[in-house]
Amino acid sequence: MKKKKPIVLEELSAEELAKYEIAKELGLFERVMADGWGSLSAKETGRIGGILARRRKQEKREAAQSRSF
């Protein structure tokens, strides 16, 4: 079995950090930290991905609006 490296949240990219923040909001953070992303069901990871995509789209829309003013 592969040895797990400890996750240091401060060293993650913005996108990776967003995934952990969403997992925390959904109450899945502790399980991800203890057992990794593989411990989540497809439904749970899909929900995280969907929320992440929605936020990215919203950020793009807001950036476009701020440029047009």
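Look up a bit, the structure's there.
Presented here is an overview of the structure given in this document. (Residues numbered from 1 in each chain as written. Predicted model: local features only at pLDDT ≥ 70, side-chain atom pairs only at ≥ 80, totals over all residues. Heavy atoms only, no water.)

## Some remarks on the pattern of salt bridges
Move 1: Scanning the model with the defined rule gives 4 salt bridges in all.
Move 2: Across the salt bridge formed by Arg 56 and Glu 15, the nearest N and O atoms sit 3.3 Å from each other. Here the residue Arg 56 occupies a position in helix 3 (residues 42-68), and Glu 15 occupies one in helix 1 (residues 14-25), the gap between them amounting to 41 residues.
Move 3: What makes Glu 15 partly exposed here is its relative accessible area of 44%. (Salt bridge = Lys/Arg side-chain N within 4 Å of Asp/Glu carboxyl O. Helix = DSSP H or I, 4+ residues; strand = E, 2+ residues; numbered from the N terminus. Buried < 20%, exposed > 50% of the residue type's maximum accessible area, 1.4 Å probe, protein only.)

## Digging into helix 3
Move 1: Between the first and last C-alpha of helix 3 there are 39 Å, a value that for 27 residues agrees with the 39 Å anticipated at 1.5 Å per step.
Move 2: When helix 3 is considered as a whole, its buried residues turn out to be Glu 44, Ile 48, Ile 51 and Leu 52.
Move 3: Summarising the contacts, the buried residues of helix 3 are in contact with helix 1 and helix 2 (29-35). (Expected span 1.5 Å × (residues − 1). Contact = heavy atoms within 4.5 Å.)

## Some points on the nonpolar core
Move 1: Counting residues in hydrophobic clusters, the biggest one holds 11 residues: Ala 18, Tyr 20, Ile 22, Ala 23, Leu 28, Phe 29, Val 32, Leu 40, Ile 48, Ile 51 and Leu 52.
Move 2: Among the elements of the structure, helix 1, helix 2 and helix 3 are those that each provide at least two residues to this core.
Move 3: Looking at which element gives the most residues to this core, the answer is helix 1, with 4 residues.
Move 4: Not counting residues within four places of it along the chain, the set of residues in contact with Leu 40 comprises Leu 28, Arg 31, Val 32, Thr 45 and Ile 48. (Core = buried A, V, L, I, M, F, W, Y, C linked by side-chain atoms within 4.5 Å.)

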